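Listed below are the residues making up each chain.
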Number of protein chains: 2
Amino acid sequence: MALVVQKYGGTSVGDAERIRAVADHVARTRAAGDDVVVVVSAMGKFTDDLIRLADDVAPTRPPRELDMLLTAGERISMALVSMALAACGVESASFTGSQAGIITDTDHTKAKILEMRPDRIREALDAGLVPVVAGFQGVSTERDITTLGRGGSDVTAVALAAALKADVCEIYTDVTGVFSADPRVVSTARRLPKVSFDEMLEMAATGGRVLMLRSVEFARRHQVPLHVRSSFTWEPGTWIVEEDPTMEEAVVSAVTDDTSEAKITVGGVPDRPGIAAHLFRALADRSINVDMIVQNTGANGLTDISFTVVKTDLDAARDACLAVKEEIGAAEVTTDDQIGRVTIVGAGMKSSPGITALMFETLSANGINIEMISTSSIRISCVVRANRVAEAVRYLHTAFGLDAA
Amino acid sequence: MALVVQKYGGTSVGDAERIRAVADHVARTRAAGDDVVVVVSAMGKFTDDLIRLADDVAPTRPPRELDMLLTAGERISMALVSMALAACGVESASFTGSQAGIITDTDHTKAKILEMRPDRIREALDAGLVPVVAGFQGVSTERDITTLGRGGSDVTAVALAAALKADVCEIYTDVTGVFSADPRVVSTARRLPKVSFDEMLEMAATGGRVLMLRSVEFARRHQVPLHVRSSFTWEPGTWIVEEDPTMEEAVVSAVTDDTSEAKITVGGVPDRPGIAAHLFRALADRSINVDMIVQNTGANGLTDISFTVVKTDLDAARDACLAVKEEIGAAEVTTDDQIGRVTIVGAGMKSSPGITALMFETLSANGINIEMISTSSIRISCVVRANRVAEAVRYLHTAFGLDAA
């Protein structure tokens, strides 16, 4: 008998019919002999509706009150799931984040979990109930209601699975798993039956949309096997697990794409120690996250430093650069929001020479210019023009043999 | 400097504009130098929407989960009111029933308050904040979320006012106060500036729709002055206070009407001790609340016992009577759902002879037959045909000099 944490996202509990389907699936899992803990998100676009309502009411949104408002969403979906379970003959009880013992810091709207005390969840399991837990929310050390930020419901599910030593954390969503590329971009993309935590982290960081980086990191740290699957087809999806040294690894598992970032170039900087540190300290002080960084020093001893940030941070990042332009002796600061990034990810890359060359050759052969390059041991990312990203993904998907038979 | 508890009902926080108006009024109350605790209901018809959603999901509604579902409503309105207050420059913090220390029994969907521990509300007041508290909800001794049943938000407000020793509990609603009759029935009805707790209790029990019996009882027991007023016009409304022995009392303050009940007559019962007890025990065992009871013994030694119940209990009540019909030796059980009740209420009635006679004469002169009579020291109720109730109210309103000048 296994203990399974099942997390259902917003589309999975989007209306009454979907909620009944979820209850039916939980009932079948129970009937198969497993214990189940359910974690739910708010229904469909309910959270967006609440934010719109808040916008109508007031221009100010104290973070503590925003959290109080948004946590109403899971409260509704978890009570409804519990009612649907009762109709299936499955005894259950719903629990808020606070009741489930999810203790966070006081950083409202993006709180971090400090401690898990799921005593009531354990008691409910011991009593033969299916606990239905609100995702996305916790209670702070100051006893106030907090939310965990984007992807927070996945974090709740993984944290509960870790604390309860569950055998697997199933993430139900509206896609059937993790694919070798975004199926909307590459029609021949294949579902990957198994992905390592490391690969999944690289995919999440470079444009994979199925799981947020944070929940994958949490799952890896606590060694919680994840199973990403569809609540519409219920077929087996993608397992995300610790890399198995005995298994033969695909050289390249997936191609990801991302057009959410823009590039800033600080040009004509003297090549002196401390210049880059000064520049990136100025960005960090404004809480701007920098992603790729590339530096090239020319024969004239002057350096161009280019980096990418999410487009919403572009104006703030440019201001930060202009503020230190004189101090660091830069000639100019230019921006470019028409870039995109294409990335290949594969755990087998470490031991396979020639991958980089094949990637560059493929792009070059198709007339796609590479503007920035960044690599890790299992990933290569290239920045290209935004309007060439989709075809770049397709060429690479074919070149690395990922197209479905 | 006074401490004022202000309770805003569903229509008072029905949309973004109304919520801003509430925040503005709270800000003005604070500016006048008073401390304020706000208690809110769910927005408008939000609770009805949630119940409809639950109906769509499942035919079963475990009471614990229904409470979890419904308490989402106040969570939304209290967070929005708090945001609107921030926009008015008023610092506030919202609190759930649980956070406000409202401890109840475990009787889900109609829990009773066992204890008030409003420590966090006191701390917030001491810190200069306006606490915004969820009405209608509490936390049980089993640490589960409970709701207080119909009129529960008023109970929350009165209980908080009592626990905090507030100077007044203001109940904001969509009418301007308590009237001498329902203004939809009697166009000349007047707003009453002041009503005693005893009168208000009788009015609530006989069809007055502004306040529920339960919150008035609670306010009387804890001597909390109530002020019922409009959140649309903000004008002074009706004070409900302890009777002041020095004030000259109106003989009759108000005429109420009620067509929500039906009559059952158990006829031809032998006039023996214990018969009525046996009958009403059978009703009590089925949790049926009986309102008026009239018994007449004829010259033949047989008795007719008539009583009224709310129409929704009529079938169950008839079944209960039929079940004991043989045992008590009754000849027949008949029902009548075409009755209505008209009531006059007035604290001055105690010391004014002739009130009963004037009431009966007024109805008789207009050809309205009286079918049942029930009295207390400050109230007289008559059951008449349902289709004569409205005119009966108008005749009595005029006869007792209540019409507005």
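Scoring rules and cut-offs
Per chain, residues are indexed from 1 in the order of the written sequence. Working convention: letters from A go to chains and numbers from 1 go to ligands, in the order in which they are written. At least 70 in pLDDT is required for a residue's local features to be given in this predicted model, at least 80 for side-chain atom pairs to be given and counted, and no such filter applies to totals for whole chains, interfaces and linings, which use all residues. The helix and strand labels rest on DSSP assignments: H or I over at least four residues marks a helix, E over at least two residues marks a strand, and numbering proceeds from the N terminus. Throughout, a residue-residue contact means that the two C-beta atoms, derived from backbone geometry, are no farther apart than 7 Å. Following DSSP output, two strands are said to pair if at least two bridges run between them. Lines are fitted to the C-alpha atoms to define the axes, a helix being fitted only along its stretch in contact, and any angle between axes, read from their N-to-C directions, falls within 0 to 180 degrees. Least-squares fitting of one copy onto the other uses the C-alpha atoms of those residues that reach a pLDDT of at least 70 in both copies. We define a nonpolar core as a collection of buried residues of the types Ala, Val, Leu, Ile, Met, Phe, Trp, Tyr and Cys that are connected via C-beta atoms lying within 7 Å of each other. Exposed residues have 12 or fewer other C-beta atoms within 10 Å of their own C-beta, buried residues have 20 or more, and partly exposed residues fall in between, where C-beta atoms are placed from the backbone.

### Concerning the environment of A:D337
All names here are of chain A. Structurally, D337 is set in the loop between β17 (332-336) and β18 (339-345). For the pair D337 and S260, spaced 77 residues apart in sequence, the C-alpha to C-alpha distance is 8.9 Å. Beyond its immediate stretch of four places on either side in the chain, D337 contacts A262, K311 and L314.

### Comments concerning the sheet that holds strand β8 (residues 145-147) of chain B
All names here are of chain B. Taken in spatial order, the four strands make up an open sheet running β5-β4-β7-β8, and their pairing is mixed. The strands lining the two open edges of the sheet, one partner per strand, are β5 (113-116) and β8. Pairs of neighbouring strands in the sheet enclose a mean axial angle of 45°, with direction left out of account. Strand direction decides the pairing type here: strand β4 (residues 102-104) and β5, joined by three bridges, are antiparallel. Bridging across to β5, T104 finds its partner in I113. Relative to β5, helix α6 (residues 152-163) is tilted by about 35°, and along the sheet it contacts β4, β5 and β8.

### Structural notes on the relation of the copies chain B and chain A
For the pair chain B and chain A, the best superposition has an RMSD of 0.1 Å and corresponds to a rotation of 180° with a translation of 0.0 Å parallel to the axis. Overall, the copies show the geometry of a two-fold rotation axis. Within chain B, B:A72 has its C-alpha nearest the rotation axis, a separation of 2.4 Å.

### Looking at the nonpolar core
When a protein is soluble and globular, its nonpolar side chains tend to lie buried together. If you look at the biggest cluster of nonpolar residues, it comprises 244 residues, and the most contacted ones within it are A:V38, A:V81, A:L160, B:V38, B:V81 and B:L160. Leaving out residues up to four positions away in the same chain, B:V81 has contacts with B:V13, B:I19, B:V22, B:A23, B:V38, B:V40 and B:V132.

### Examining the sheet that holds strand β16 (residues 302-310) of chain A
Note: strands within a sheet are paired through backbone hydrogen bonds, in either parallel or antiparallel orientation. Residues and elements named next belong to chain A. Reading across the sheet, the four strands line up as β15-β16-β14-β17 and stay open at both edges, with antiparallel pairing between neighbours. The open sheet has two edge strands with one neighbour each: β15 (293-297) and β17. Sheet twist, expressed as the mean angle between neighbouring strand axes with direction ignored, is 15°. As judged from the five bridges shared by strand β14 (residues 261-270) and β17, these two strands associate in the antiparallel manner. Its bridge partner being in β17, G267 is matched across the sheet by E332. Together, β14, β15 and β16 form the strand contacts of helix α9 (residues 275-285), whose direction differs from that of β14 by roughly 145°.

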